Amino acid sequence: MKLFPTQEIGSIAKPGWLVKATRGQRPNAADLADLDRWAERLGIDGTGELKTLLADEHHDKERVRDWGAIFAVRFFEAAGLDVVYDGEARRVEMYEYPVRRIAGFHFYGHVRSFDNKYYRKAAVVDRVRLVEPFHIDELKFVKSIARRPVKIPITGPYTLADWSFNEHYLKTVDASVTDLRKRSYAAKHAFTLDLAREVLNPTLEALEAAGADWIQIDEPAAATHPDEVPILVEAFNESVRGIKAKISIHICYSNYRLLYPEMLKMRVDHLALEFKNTGDFNVVQLFKDQGDPRELGLGVLDVHTDVIETPEEIKDKILEAARVLGPEKIWANPDCGLRTRTWDVAFAKLRNLVEGAGLAREALKGQPVG
Amino acid sequence: MPFAHLVGIFPRSERVVELSRAVDRGRATADELSAAIADDERRIIALQQEAGLDYIVDGQLRWQDLLRPLSTGIPGMHPNGISRWFDNNSFYRRPVITGPLQPTGRAVLAVLGLKALAGTRWKAVLPSPSALVALSENASGRSADEVLADAVAVLRAEARALADAGCAYVQFSDPVLVTRASRIDVGRARSALEQVTDGLRTRTALHTFFGDAGPLLSELIRFPVHEIGIDLYASTIDGTKARAAGKTVLAGAVDGRNSLVEDVDTLVDQARRLRDALGADDVALVPNCDLELLPWECAEAKTRRLGEAATALKAKAR
């Protein structure tokens, strides 16, 4: 493998035609013009079928989503990334999509996120049970069309538990535990471990059987409660038990120092972390200090700004990390999914990511690092 | 005598959720939303009255977050981008202090459901002065001491205006003291609150949440308020040597961060254990934090259960 390979992290924005079509609406002229522009830019043929589908309000939504995946895979390939996926074109988002496929949850009404923004948060009201492994057809489709290696993202058990209300498992805690804090911890532990064993592990097995070579487990909630990091790690390890595919974890917008040293016990090959928007904690030095031997997916694109990072500054960031950790285990990626950026901005950022990684390789030709 | 009440923002009903989204999308008017909120304020007040709660809140449905009435209503500060609200999957707009803060005494009253509260024994919620400063960004060029003094003046004016409007109880909410204990000067926080409460004619409380109050208890009970609130889902009280004689402790035993409705026996037991552990004069049952992190239906059920537990607690105290 070449030095400094590049990867995407998760979701990208859904095109207007895809959003409207999946809502049962007809895309407008601007949406269709956008479709044509990107089809040409990405070299996608045969969009006549897609337009025919979009013109019919009673179209086959799954086929439209197939087209959404085709556009996203080609988007990443055209940007030049070494490992690609479908930008989560079929998923509503990373919480509700899997939870709807697990028995034991109940959705109450809305909870406020901030201002007039709300989300639906489920409560676990019975022992969790996998209805059927999810993301399988999605993975098979991506593998059937991708021209580059594929990595599939999936939400991790700790985040699913942390973003849910916990009713069932709280009821199962031994009555002799009267301290409410300890009761909550015990319930969270039981809930997360059940998600790992009963839901994630069989799903990962099914994904592997469907051809997954690399699975990225997303755990954005990882560092939310520092005292629960042992739960995060134990559940993660249970999730990947027996899995041979490459496993990575993506954690964003967290104080990574809170995760160590427990994190060293996690059975993971690769950690994809934010680096561009790290504030006052530097993941590279943390890796060095902790002697973390695993691959580091270095976030070098800020996903919350339209400012396009230049190839030169990306190169500098990569080399800065390489000087500390050595070049062999550094990957380059955005801090997180680029779903809040337009396709034009996201594409420009990813192109520069690829170019910056190339410049970093050039800079190291014949030169020792460090 | 044991009692019970709510401690902060109540969730929005599905109707208000829908209307507030519609307002943002230009499909409903602010007046329509305001009318729906007024309806819900009346429902929330009736709910508390039916549950037999001792102090009544309006639900703070017009508050976008704990700090927003101040960050939008006080000259010298404004709300900025979103920041995570402690260890929750929810967010607030961080106030930015750009110059000297000018007390008005009108910021909270402007968003209070005063009409709906008329005739009730009502309570209001403000951030503590040190929490207001800690959760804001100081871009004013003024020193930390000057900004804290400004916050004291602002909150003093707000609290007095509330008292003049008939408020019986002012709660100062402070999730900062117990979550960032190592970075907070507790003595300075106490002194600031003392300047706010000095001469205030209402009953007062300092309510802490989201963090472990255990290590700070001996400090917290010296704060110049009648009542101290403790989040029992984040605190370890066992073995504490702190004594809260002369104080009422607020047992945050109703979990505002989980949908499971607690049973009466658990709530009563938790309240009594806390009172006994601290040797407090009295104990009140409260949610550990605002109920806004729950859907409406769960908050409604928990409010009813809070009333049932308070009734049981009172019966045992007789």
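Residues numbered from 1 in each chain as written. Chains lettered and ligands numbered in written order. Predicted model: local features only at pLDDT ≥ 70, side-chain atom pairs only at ≥ 80, totals over all residues. Heavy atoms only, no water.

Participant: Tell me what's going on with the overall build of chain B, and back it up with residues and numbers.
Facilitator: Within chain B, the secondary structure is distributed over 11 helices and 10 strands. For a compact globule of 318 residues, the expected C-alpha radius of gyration is about 20 Å, and chain B comes in at 19 Å, within 12% of that figure. Seen through its principal axes, chain B has C-alpha atoms that stretch 50 × 45 × 35 Å. Here chain B holds 318 residues, and 60% of them are scored as buried. Long-range pairs, those at least 24 residues apart, make up 74% of the contacts in chain B between residues at least 6 apart in sequence. Carbon and sulfur atoms make up 46% of the accessible area of chain B, which amounts to about 11700 Å² in all. When the 39 positive and 41 negative side-chain charges of chain B are each reduced to one mean point, those points stand 1 Å apart. (Helix = DSSP H or I, 4+ residues; strand = E, 2+ residues; numbered from the N terminus. Rg over C-alpha atoms; globule rule 2.2 N^0.38 Å. Buried < 20%, exposed > 50% of the residue type's maximum accessible area, 1.4 Å probe, protein only. Contact = heavy atoms within 4.5 Å. Areas by Shrake-Rupley, 256 points an atom, 1.4 Å probe, with all protein chains shown as cover. Lys, Arg positive; Asp, Glu negative; His and termini not counted. Charge placed at Lys NZ, Arg CZ, Asp CG, Glu CD.)

Participant: Pulling in residues and values, what's your account of the nonpolar core?
Facilitator: Counting 119 residues, the largest nonpolar core has Phe71, Phe75, Ile215 and Leu259 of chain A as the members making the most contacts within it. When residues of this core are assigned to their parent elements, the largest contribution, 10 residues, is made by helix H4 (residues 61-79) of chain A. Sequence-distant contacts of isoleucine 215 of chain A, that is, excluding residues within four places in its chain, are made with Ile152, Ile154, Leu204, Leu207, Ile243, Ala245, Lys246, Ile247 and Ser248 of chain A. In terms of nonpolar packing, the next biggest core, distinct from the first, is built from 111 residues, Leu148, Ala189, Leu216 and Ala299 of chain B among them. (Core = buried A, V, L, I, M, F, W, Y, C linked by side-chain atoms within 4.5 Å.)

Participant: Got a sec to walk through the packing of aromatic side chains? Specific residues and values, please.
Facilitator: Residue and element names in this part refer to chain A. The tally for this structure, following the rule as stated, stands at 21 aromatic pairs over all chains. Grouping aromatic residues by their ring pairs yields a cluster made of Trp38, Phe75, Phe76, Trp343 and Phe347. Above the ring of phenylalanine 141, the side-chain terminus of arginine 90 is found at 5.1 Å from the ring centroid. In this structure, arginine 100 is placed above the aromatic ring of phenylalanine 107, and the distance from its NZ or CZ to the ring centre is 3.9 Å. (Phe/Tyr/Trp six-rings, centres within 6.5 Å; stacked < 30°, edge-to-face > 60°. Lys NZ or Arg CZ within 6 Å of the ring centre and 35° of its normal.)

Participant: Before we move on, could you go through helix H6 (residues 144-164) of chain B and cite the residues and values that matter?
Facilitator: All names here are of chain B. Taking 1.5 Å as the rise per residue, H6 with 21 residues should run 30 Å; its terminal C-alpha atoms sit 30 Å apart, in good agreement. Within the span of H6, buried status applies to Val147, Leu148, Asp150, Ala151, Val152, Val154, Leu155, Glu158, Ala159, Ala161, Leu162 and Ala163. Following H6 by one or two positions, glycine 166 adopts a phi angle in the positive range, close to 110°. (Expected span 1.5 Å × (residues − 1).)

Participant: How would you sum up the packing of helix H2 (residues 29-42) of chain A against helix H3 (residues 47-55) of chain A? Please name residues and give values.
Facilitator: Residue and element names in this part refer to chain A. Direction vectors running N to C along H2 and H3 enclose 165°, while the axes themselves pass 12 Å from each other. For the element pair H2 / H3, the angle class is roughly antiparallel. Relative to H3, H2 is oriented so that their crossing is right-handed. Of the residues in H3, those in contact with Leu32, Leu35, Asp36 and Ala39 of H2 are Thr47, Leu50, Lys51 and Leu54. When grouped by side-chain class, the residues that make up the contact of H2 with H3 number five nonpolar, one polar and two charged. (Axes fitted to C-alpha atoms, helices over the stretch in contact; angles between N-to-C directions. Parallel < 35°, antiparallel > 145°, perpendicular 65-115°, else oblique. Left-handed = near helix turned anticlockwise from the far one by under 90°. Nonpolar A, V, L, I, M, F, W, Y, C, P; charged D, E, K, R; others polar.)

Participant: Describe a positive patch on the surface, with residues and values.
Facilitator: The grouping of Arg23 and Lys117 of chain A together with Arg25 and Arg27 of chain B at the surface amounts to a positive patch. Examined against the element boundaries, arginine 25 of chain B turns out to sit in the loop between helix H1 (14-24) and helix H2 (30-51). (Patch = residues over 30% accessible without salt bridge, like charges linked within 9 Å, V, L, I, M, F, W, Y side chains within 5 Å. Salt bridge = Lys/Arg side-chain N within 4 Å of Asp/Glu carboxyl O.)

Participant: Please give an account of the sheet that holds strand S3 (residues 91-97) of chain B that cites residues and values.
Facilitator: Hydrogen bonds along the backbone pair up the strands of a sheet, which may run parallel or antiparallel. Residue and element names in this part refer to chain B. The sheet built from three strands is open, its strands ordered S2-S3-S5 with mixed pairing. Only two strands of the sheet have a single partner each, and these edge strands are strand S2 (77-84) and strand S5 (137-138). Note: S3 against S5, two bridges, orientation parallel. Considered in S5, the bridge of valine 96 is made with glutamate 137. (Pairing = 2+ DSSP bridges.)

Participant: Go over the sheet that holds strand S7 (residues 203-208) of chain B, please, and point to the residues and values.
Facilitator: All names here are of chain B. If you trace the seven strands from one edge of the open sheet to the other, you get S1-S10-S9-S8-S7-S6-S4, paired in parallel fashion. The open sheet has two edge strands, strand S1 (3-4) and strand S4 (123-127), and neither has a second partner. The pairing of S7 with strand S8 (residues 227-231) spans three bridges and is classified as parallel. Paired with histidine 207 across the bridge in S8 is glycine 229. Contacts between helix H10 (residues 264-278) and the sheet are confined to S8, strand S9 (248-254) and strand S10 (282-287), with S9 contributing the most and set at about 145° to the helix. Against the sheet, helix H11 (residues 296-317) engages S1, S9 and S10, with an angle of about 165° to S10.

Participant: Tell me about the interface of chain A and chain B, residues and numbers included.
Facilitator: Where interface size is quoted, it is often the accessible area lost as the parts come together. Counting residues at the interface gives 26 residues for chain A, matched by 38 residues for chain B. Summed over both sides, the interface of chain A with chain B buries roughly 3000 Å², with 46% coming from carbon and sulfur. Among the residues chain A hides against chain B, the three largest losses belong to Arg112, Leu180 and Arg181 of chain A. Together they make up 23% of the total. Note that arginine 112 of chain A and glutamate 292 of chain B form a salt bridge whose closest N and O atoms lie 3.0 Å from each other. Linking chain A to chain B there are 20 residue pairs in polar contact (both at pLDDT 80 or more). (Buried area = accessible area lost by both parts, 1.4 Å probe. Polar contact = N/O pair within 3.5 Å; in protein donor to acceptor, adjacent residues only side chain to side chain.)

Participant: With reference to specific residues and values, describe the confidence of the model for chain B.
Facilitator: With 99% of its residues at a pLDDT of 70 or more, chain B has an overall mean of 95. This prediction of the complex comes with two scores: 0.93 for pTM and 0.94 for ipTM. (pLDDT = per-residue confidence, 0-100.)

Participant: Tell me about H11 of chain B, residues and numbers included.
Facilitator: Taking 1.5 Å of rise per residue, the 22 residues of H11 of chain B would be expected to cover 32 Å, and the 31 Å separating its terminal C-alpha atoms lies within 8% of that figure. By the burial criterion, the buried members of H11 of chain B are Trp296, Cys298, Ala299, Lys302, Thr303, Leu306, Gly307, Ala309, Ala310, Leu313 and Lys314 of chain B.

Participant: Residue-level account of the pairing of strand S1 (residues 102-114) of chain A, with values.
Facilitator: Residues and elements named next belong to chain A. Most of S1 is tucked away, with 12 of its 13 residues classed as buried. Direction of pairing for S1 relative to strand S2 (residues 117-130): antiparallel, over a ladder of nine bridges. The partner of isoleucine 102 across the bridge, within S2, is leucine 130. If you look at the hairpin formed by S1 and S2, you'll find two residues sitting between the two strands, and aspartate 115 has a positive phi there, around 45°.

Participant: Tell me about unusual backbone geometry, and name the residues and values.
Facilitator: In this model, tyrosine 260 of chain A is joined to proline 261 of chain A through a cis peptide bond whose omega is 5°. Considering the arrangement of structural elements, one finds proline 261 of chain A in the loop between strand S6 (246-251) and strand S7 (270-274). Backbone geometry places phenylalanine 210 of chain B, a non-glycine residue, at a positive phi of 75°. Along the chain, the position of phenylalanine 210 of chain B falls in the loop between S7 and helix H9 (217-220). For phenylalanine 210 of chain B, a relative accessible area of 7% gives the class buried.

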